[in-house]
Amino acid sequence: MPEFGPMNRLSNPRTIALVGKYHSPEIAESLVRLAEYLHERGVSVFIERETSEHIGKLVDLARWVTCGFNDIGAHADLAIVLGGDGTMLNAARRLARYCVPLVGVNQGRLGFMTDIARDDMLTCMDDLLDGRFQRENRMLLAAEVIRDGKELASNIALNDVVVDKGAIGRMIEFELFIDGAFIYNLRSDGLIVSTPTGSTAYSLSSGGPILHPTLTGIALVPLCPHSLTNRPIIVNDQADIELRITQADDPRAHFDGQLTLDLQRGDSVRLRRSEHTICFLHPPGYSYFAMLRQKLHWSERPRGL
């Protein structure tokens with residue numbers, strides 16, 4: 001499994017890429033302020049190309065290098081993502097094979113993965129540049145779609161891979177195999193295959209368990225199963241998982257809720273832990289459980305009491 005690069009890259013980063021939420025003009029001011037601050041600290045700044053194309057009409061980015069994810073992967077010590085969890089998911093999939101650590105500045109709503117508040121952005125940068133951020137590795141899923149014995153497509157996901165019935169209202173039916181052993185037939189709206197990172201996303205809203213992100217299990221969460229005995233289960237991260245579609249009208253596979261592939265009856269979706277991991281860098285004092293308490297409103301008194 002790839003290791004994240006030399007520690008001096010993390011303790012003394014000299015080249016930092018900035019990735020922003022697309023079609024979001026409100027990040028323009030924050031991105032420029034951050035780029036200027038890093039430049040003043042002697043850091044070389046890259047602006048991700050599509051980010052530049054979307055906000056370059058609002059602010060002047062000419063003084064910084066604009067490049068794609070491949071160049072960021074080859075040359076950046078780390079990347080700072082300004083946006084919400086969706087922006088972070090996209091950046092993670094694009095940069096996982098390059099082992100580029102990610103820092104998240106929350107410009108969205110919930111922000112389970114982007115844990116620096118916009119107002120605290122610049123005050124956190126000294127800790128980042130001086131190497132005081134905490135590193136945390138997260139597993140990803142690797143998926144391939146097999147049709148007629150041949151690979152049709154492949155992708156990776158940080159949150160989850162979902163196989164569902166698509167736009168048509170009828171249920172999907174498929175067979176589940178783990179390590180080649182038949183587990184069950186499932187008639188439902190679909191199945192979520194989730195990493196621990198994704199356990200607080202679609203999986204959670206569908207009744208799945210919350211898994212600490214440093215765990216290495218994989219959660220299988222049925223979507224509205226026809227049988228009430230089909231419950232979420234967690235399997236070992238080394239398991240080979242296969243879904244064979246036996247009956248469906250409009251089946252689809254979704255990767256992190258951002259990429260979609262149309263499937264057919266008879267297709268197989270095979271999933272396993274990816275050989276890549278992604279490294280998140282958290283500010284000093286970060287606590288996963290404190291984040292859950294804040295985002296999920298645990299321990300709050302009901303209004304009016």
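Residues numbered from 1 in each chain as written. Predicted model: local features only at pLDDT ≥ 70, side-chain atom pairs only at ≥ 80, totals over all residues. Heavy atoms only, no water.

*Asks:* Could you clarify how one ought to interpret the overall build of the protein in this entry?
*Replies:* Helix and strand content of the protein: eight helices and 18 strands. Relative to the globule expectation of 19 Å for 305 residues, the C-alpha radius of gyration of the protein, 21 Å, shows essentially globular dimensions. Here the C-alpha coordinates of the protein stretch approximately 60 × 55 × 35 Å along the principal axes. Counting the 305 residues in the protein, one finds 53% classified as buried. For the protein, the share of sequence-separated contacts (at least 6 apart) that also reach a separation of at least 24 residues comes to 69%. For the protein, the accessible area works out to roughly 14100 Å², and carbon and sulfur atoms hold 47% of it. Across the protein, the 32 positively charged side chains and the 38 negatively charged ones have centroids separated by 3 Å. (Helix = DSSP H or I, 4+ residues; strand = E, 2+ residues; numbered from the N terminus. Rg over C-alpha atoms; globule rule 2.2 N^0.38 Å. Buried < 20%, exposed > 50% of the residue type's maximum accessible area, 1.4 Å probe, protein only. Contact = heavy atoms within 4.5 Å. Areas by Shrake-Rupley, 256 points an atom, 1.4 Å probe, with all protein chains shown as cover. Lys, Arg positive; Asp, Glu negative; His and termini not counted. Charge placed at Lys NZ, Arg CZ, Asp CG, Glu CD.)

*Asks:* What should I look at first to understand the layout of surface pockets in this one?
*Replies:* Looking at the largest pocket, its volume works out to about 270 Å³. Surrounding the largest pocket, 17 residues form its lining, Asp115, Ile116, Ala117, Tyr286 and Gln294 being those nearest its centre. Every element with two or more residues in the lining of the largest pocket is listed here: strand S6 (116–117) and helix H8 (288–295). It is H8 that contributes the most residues to the lining of the largest pocket, four residues altogether. (1 Å grid on protein atoms, 1.4 Å probe; cavity = no way out; pocket = protein on both sides within 12 Å on 5 of 7 lines; lining within 4 Å. Points joined across faces, edges and corners; volume = space filled by probe spheres on them.)

*Asks:* Looking at this model, I keep getting lost on the packing of aromatic side chains. Mind explaining?
*Replies:* Each aromatic ring pair is characterised by the separation of its centres together with the angle its planes make. For the coordinates displayed, the defined rule picks out two aromatic pairs. Seen in terms of ring centroids, phenylalanine 177 and phenylalanine 182 are 5.6 Å apart; in terms of plane orientation they differ by 65 degrees. Their pairing is edge-to-face. A residue is classified by how much of its surface remains accessible, and phenylalanine 182, at 44% relative accessible area, is partly exposed. Taking 5.7 Å as the distance between ring centres and 75 degrees as the angle between the ring planes, the aromatic pair formed by tyrosine 288 and phenylalanine 289 counts as edge-to-face. On the accessibility criterion, tyrosine 288 (8% relative accessible area) is buried. In this structure, arginine 244 is placed above the aromatic ring of phenylalanine 177, and the distance from its NZ or CZ to the ring centre is 3.9 Å. (Phe/Tyr/Trp six-rings, centres within 6.5 Å; stacked < 30°, edge-to-face > 60°. Lys NZ or Arg CZ within 6 Å of the ring centre and 35° of its normal.)

*Asks:* Even after reading the chapter, I still don't get the sheet that holds strand S14 (residues 233–235), so can you show me in this structure?
*Replies:* Two modes of strand pairing occur in sheets, parallel and antiparallel, and in both the strands are linked by backbone hydrogen bonds. Pairing within the open sheet is antiparallel, and its six strands lie in the order S14-S13-S12-S9-S16-S17. This sheet does not close on itself; its edge strands, each paired only once, are S14 and strand S17 (259–262). Shown here is a sheet whose adjacent strand axes are inclined to one another by a mean of 20 degrees, direction ignored. As paired strands, strand S9 (residues 160–164) and strand S16 (residues 252–255) are joined by four bridges and run antiparallel to one another. Opposite valine 162, over in S16, you have histidine 254 as the bridge partner. (Pairing = 2+ DSSP bridges. Axes fitted to C-alpha atoms, helices over the stretch in contact; angles between N-to-C directions.)

*Asks:* Even after reading the chapter, I still don't get the side chain of glutamine 107, so can you show me in this structure?
*Replies:* Among the structural elements, glutamine 107 can be located in the loop between strand S5 (102–106) and S6. The class of glutamine 107 is buried, set by a relative accessible area of 9%. A polar atom in the side chain of glutamine 107 sits 3.0 Å from the side chain of arginine 118. Ignoring sequence-local partners within four residues, the contact set of glutamine 107 consists of Glu26, Ile27, Ser30, Leu82, Gly83 and Arg118. (Polar contact = N/O pair within 3.5 Å; in protein donor to acceptor, adjacent residues only side chain to side chain.)

*Asks:* Would you take a moment to explain unusual backbone geometry for this structure?
*Replies:* The phi angle of most residues is negative, glycine excepted, and most peptide bonds adopt the trans form. A positive phi angle is found at aspartate 179, which is not glycine, with a value near 55 degrees. Overall, the relative accessible area of 54% leaves aspartate 179 in the exposed class.

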